[in-house]
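Residues per chain, in single letters:
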Amino acid sequence: KHPSCNNNLVGPLSGGSPSIANVVNVSSSDFTIPVNVRGSATRWSGEADDRNAETASPTIRPVRPTFGEINAFPVVSNHLLDDAAYDVAGFINQNAATDFAEGEGAAFINGDGVNKPTGILTVAPETADDASRMAGALQYHEMAAVGVVTGDDLVDLMYTLRAGYRANSTFVMSSQTAGVVHKLKDGEGRFLSSESMALGQPPRLLGRPVVIAEDMPGVTSGEFAIALGDFQLGYTIADRTGVRLIVDDVTRKGYTGFYLSKRVGGIVTDDAAIKLLRVQ
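None of these values were measured; they are calculated from a predicted model.

Quick question: what am I supposed to make of the overall build of the protein chain here?
Check the secondary structure of the protein chain and you find 7 helices and 15 strands. Across its three principal axes, the protein chain shows a C-alpha extent of roughly 80 × 55 × 35 Å. Buried residues in the protein chain amount to 41% of all 280 residues. Summarising the internal contacts of the protein chain: among those between residues at least 6 apart in sequence, 72% fall at separations of at least 24. Of the roughly 14,700 Å² of accessible surface on the protein chain, 51% is carried by carbon and sulfur atoms.

Put into structure tokens, the structure is as follows:
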């Protein structure tokens with residue numbers, strides 16, 4: 001796996017440790033995830049009641065991640081490889097892997113699904129609730145005041161999630177949005193967010209961890225600045241091949257090329273598991 005980079009969503013959403021998304025290794029791009037749209041019906045029965053009558057079956061919606069290949073082909077002179085006082089090849093590979101991570105992170109947020117993953121903001125979000133919204137679209141809650149994030153907005157967003165999703169939910173936002181949110185205080189003057197005292201642990205907001213994703217929009221009118229959800233249930237990343245490296249020191253005499261590629265897919269799975277906050 002590639003290393004994490006400054007976009008903290010990349011590590012957690014693309015197989016880093018820990019991962020807030022559901023990451024699966026697949027043997028084929030023809031990979032389908034069954035999603036339960038509505039649960040099966042249940043009933044209560046007395047001791048002697050008939051239990052032979054069938055109950056309603058769950059409605060299953062097949063979801064298929066969209067795939068693409070992210071690649072890079074940096075080329076350097078053999079003289080540089082021979083004479084440099086440091087490991088040039090290692091530096092190139094590390095840099096390319098970091099660029100891969102950033103590219104994946106951007107696709108998992110805004111990817112259009114054309115030869116790349118489908119991002120969480122790609123299918124137009126709606127205000128409709130979980131029972132009536134178009135499949136694949138996320139529900140959003142709009143801020144009460146124009147261009148101003150309040151603590152009440154965040155509380156309303158949190159309780160838009162059903163309890164089962166709320167228990168393992170994570171806030172996702174850009175650094176610009178986090179800078180705004182970090183200043184929010186309650187009626188007693190206490191900050192709503194807090195930095196973690198444990199090394200490597202994310203800050204927390206209303207008791208939930210906060211992950212920084214620079215590809216999320218800022219606090220701009222009409223944008224979906226904050227996501228909150230259980231991403232293990234809400235978004236699936238399908239890793240097809242891992243990072244593949246081909247070293248080419250033949251094609252161009254005197255130079256060595258490093259062709260790195262990775263096939264990866266992504267899609268919103270359970271669209272009830274993630275909610276968005278929209279800037280008015």
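In this structure, what is going on with the pairing of strand β13 (residues 244-248)? I would like to understand it.
Every other side chain in a regular strand lies on the same face of the sheet, so the side chains alternate between the two faces. Pairing of β13 with strand β14 (residues 255-268), which is carried by 5 bridges, proceeds in the antiparallel orientation. Among the inter-strand pairings, Arg-244 is bridged to a residue of β14, identified as Ser-261. In this antiparallel pair of consecutive strands, β13 and β14, the connection spans 6 residues, and Gly-254 shows a positive phi of 90 degrees.

Looking at this model, I keep getting lost on the nonpolar core. Mind explaining?
Inside soluble globular proteins, nonpolar side chains tend to come together where they are buried. Ranked by size, the top nonpolar core spans 24 residues in total, and within it Val-149, Leu-154, Phe-171, Met-173, Val-181, Leu-205 and Ile-226 carry the most contacts. Other than its neighbours up to four places away in sequence, Val-181 contacts Val-149, Leu-154, Met-173, Ser-193, Leu-205 and Ile-226. Ranked by size, the runner-up nonpolar core spans 21 residues in total, among them Ile-20, Tyr-235, Ile-237 and Val-264.

Just checking my understanding: could you explain helix α4 (residues 151-158) for this structure?
Structural remark: α-helix, 3.6 residues per turn; residues separated by three or four positions point the same way. Looking at α4, one finds that the buried residues are Gly-151, Asp-153, Leu-154, Leu-157 and Met-158. Taken end-on, α4 shows its buried residues confined to a sector of 160 degrees, consistent with a single buried face.

How do you make sense of the sheet that holds strand β11 (residues 224-229) when you look at a structure like this?
Adjacent strands of a sheet pair through backbone hydrogen bonds, lying either parallel or antiparallel. Sheet architecture is open: 7 strands sit in the order β6-β15-β11-β7-β10-β9-β8, paired in mixed fashion. The outermost strands of the open sheet, each flanked by one partner alone, are β6 (139-142) and β8 (193-194). Relative to strand β10 (residues 208-212), strand β7 (residues 170-173) runs parallel, the two sharing 3 bridges. Note on β10: the bridge partner recorded for Met-173 is Ile-212. Of the strands in this sheet, β6, β7, β9 (204-205), β10, β11 and β15 (274-278) are in contact with α4, which crosses β15 at around 155 degrees.

How do you make sense of the packing of aromatic side chains when you look at a structure like this?
Any two aromatic rings considered together are summarised by their centre-to-centre distance and by the angle between their planes. The tally for this structure, following the rule as stated, stands at 4 aromatic pairs. Pairing Phe-108 with Tyr-235 gives two aromatic rings, centres 5.8 Å apart and planes at 65 degrees, and the pair type is edge-to-face. Of this pair, Phe-108 sits in helix α3 (residues 88-110) while Tyr-235 sits in strand β12 (residues 235-239), and the two are 127 residues apart along the sequence. As far as the burial class goes, Phe-108 and Tyr-235 line up, both buried. Between Tyr-140 and Phe-224, the aromatic rings sit 5.2 Å apart at their centres with planes inclined by 65 degrees, giving edge-to-face as the arrangement. Within this pair, whereas Tyr-140 is found in strand β6, its partner Phe-224 is found in strand β11, the two being separated by 84 residues in sequence. For the pair shown, Tyr-140 and Phe-224 are each scored as buried.

What is the right way to look at the environment of Gln-176 in this model?
Topologically, Gln-176 is positioned in helix α6 (residues 175-181). For the pair formed by Gln-176 and Ala-225, sequence separation is 49 residues and the distance between their alpha carbons is 9.5 Å. Not counting chain neighbours up to four residues away, the residues in contact with Gln-176 comprise Gly-218 and Val-219. From its side chain, Gln-176 meets the backbone nitrogen of Val-219 in a polar contact 2.9 Å long.

Conventions we followed
Residues numbered from 1 in each chain as written. Predicted model: local features only at pLDDT ≥ 70, side-chain atom pairs only at ≥ 80, totals over all residues. Heavy atoms only, no water. Helix = DSSP H or I, 4+ residues; strand = E, 2+ residues; numbered from the N terminus. Buried < 20%, exposed > 50% of the residue type's maximum accessible area, 1.4 Å probe, protein only. Contact = heavy atoms within 4.5 Å. Areas by Shrake-Rupley, 256 points an atom, 1.4 Å probe, with all protein chains shown as cover. Pairing = 2+ DSSP bridges. Core = buried A, V, L, I, M, F, W, Y, C linked by side-chain atoms within 4.5 Å. Arc of directions from axis to C-beta. Axes fitted to C-alpha atoms, helices over the stretch in contact; angles between N-to-C directions. Phe/Tyr/Trp six-rings, centres within 6.5 Å; stacked < 30°, edge-to-face > 60°. Polar contact = N/O pair within 3.5 Å; in protein donor to acceptor, adjacent residues only side chain to side chain.

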